[in-house]
Amino acid sequence: MILTHLHYDHAGNFDRFPNARFHLQERELAYATGRYMQYPRLSHSFEVENVCGIVRLNYARRVLFYDGDAEIAPGLTVHAAGGHSAGLQYVRVNTRRGPVVLASDVSHFYENMTSERPFATAFHVGDMLAGFDKLRAAAPDVDHIVRGHDPLVLKVYPVASPN
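An account of the accompanying structure is given in this report. (Residues numbered from 1 in each chain as written. Predicted model: local features only at pLDDT ≥ 70, side-chain atom pairs only at ≥ 80, totals over all residues. Heavy atoms only, no water.)

Pairing within the open sheet is mixed, and its 5 strands lie in the order S3-S4-S5-S6-S7. Only two strands of the sheet have a single neighbouring strand rather than two, namely strand S3 (70–73) and strand S7 (145–147). Going from strand to strand, the sheet's axes swing by 25 degrees on average, the running direction of each strand aside. As paired elements, strand S5 (residues 89–95) and strand S6 (residues 98–104) share 5 bridges and run antiparallel to each other. Bridged to arginine 92 within S6 is valine 101. (Pairing = 2+ DSSP bridges. Helix = DSSP H or I, 4+ residues; strand = E, 2+ residues; numbered from the N terminus. Axes fitted to C-alpha atoms, helices over the stretch in contact; angles between N-to-C directions.)

So, on to the environment of valine 78. Secondary-structure assignment places valine 78 in strand S4 (residues 76–80). In this structure the C-alpha to C-alpha distance between valine 78 and arginine 56, which are 22 residues apart in sequence, comes to 23 Å. In contact with valine 78, other than residues within four places in its own chain, are Ile2, Gln25, Tyr66, Gly68, Asp69, Ala70, Ile72, Gln89, Tyr90 and Val91. (Contact = heavy atoms within 4.5 Å.)

Counted according to the given criterion, the structure contains 4 salt bridges. A salt bridge links glutamate 49 to arginine 56; its shortest N-O distance comes to 3.9 Å. A salt bridge links glutamate 116 to arginine 136; the shortest N-O distance between them is 2.9 Å. Within this pair, whereas glutamate 116 is found in the loop between helix H4 (110–115) and helix H5 (125–138), its partner arginine 136 is found in helix H5, the two being separated by 20 residues in sequence. Members of the salt-bridge network, linked through shared partners, are Glu116, Asp133 and Arg136. (Salt bridge = Lys/Arg side-chain N within 4 Å of Asp/Glu carboxyl O.)

This part covers the side chain of glutamine 89. Structurally, the position occupied by glutamine 89 is in strand S5. At 2.8 Å, the side chain of glutamine 89 forms a polar contact with the backbone oxygen of leucine 3. Leaving out residues up to four positions away in the same chain, glutamine 89 has contacts with Ile2, Leu3, Thr4, His23, Leu24, Gln25, Val78, His79, Ala80, Ala81 and Ser104. (Polar contact = N/O pair within 3.5 Å; in protein donor to acceptor, adjacent residues only side chain to side chain.)

Moving on, we come to the nonpolar core. Formed by 18 residues in total, the largest nonpolar core has its most connected members in Leu3, Leu6, Phe14, Phe22, Leu24, Phe46 and Ile54. Those residues in contact with leucine 6 that sit more than four places away from it in its chain are Ala11, Leu24, Glu28, Leu29, Ala32, Ser45, Phe46 and Ile54. Residues Val101, Val106, Met113 and Phe132 belong to the second largest nonpolar core, which totals 13 residues. (Core = buried A, V, L, I, M, F, W, Y, C linked by side-chain atoms within 4.5 Å. Buried < 20%, exposed > 50% of the residue type's maximum accessible area, 1.4 Å probe, protein only.)

So, on to the pairing of S3. Note that S3 and S4 share 3 bridges and pair antiparallel. Paired with glutamate 71 across the two strands is threonine 77, which belongs to S4. Turn length for the S3-S4 hairpin, with the two strands adjacent in sequence and antiparallel, is 2 residues, and the turn residue glycine 75 shows positive phi of about 80 degrees.

Before going further, it helps to examine the packing of aromatic side chains. All chains considered together, the criterion is met by 6 aromatic pairs. Ring geometry for phenylalanine 14 against phenylalanine 22: centres 5.3 Å apart, planes inclined by 80 degrees, an arrangement best described as edge-to-face. Judged by relative accessible area, phenylalanine 22 falls into the buried class, the value being 1%. Ring centres of tyrosine 31 and phenylalanine 123 lie 4.6 Å apart, and the angle between their planes is 55 degrees; on these two criteria the pair is classed as tilted. Placement of the pair is tyrosine 31 in helix H1 (residues 26–32) and phenylalanine 123 in the loop between H4 and H5, with a sequence separation of 92 residues. Tyrosine 31 gets classed as buried once you look at its relative accessible area, which sits at 5%. Members of the aromatic cluster, joined through ring pairs, are Tyr31, Tyr36, Phe46 and Phe123. (Phe/Tyr/Trp six-rings, centres within 6.5 Å; stacked < 30°, edge-to-face > 60°.)

Laid out in structure tokens, this is it:
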């Protein structure tokens, strides 16, 4: 299970995956348990129980930590981006149509990246802007980048017909 970061809408329910190993940037856990969590502007995006859950999983030897870019499996890589959260990462997957980049919250919406306007919740705005450049460099074109929260994703990538 690849955790792009530990915000409440991207982490949790670990008990539903009793055999999973979790892939996380080490910096994200340090951030989620570190000094900046005393500031409600930053800590509001985390659920304490989710953070404690990943710590418990670490003690159970079920977390694989990364310090930057890494290959998880052939054709599947994670890439550190930072910005929205200190240890944010995105995923690059080789597919039949070429590499597809799952941006997660490196770019919440298409508009964030195209207009270079960062999302409001940011740990480091400069890293967020640099993250847009990293996404563009990791994909053949912007049509190969899936944004994290944009409803337009369902128009660009419609749900496959059951037929």
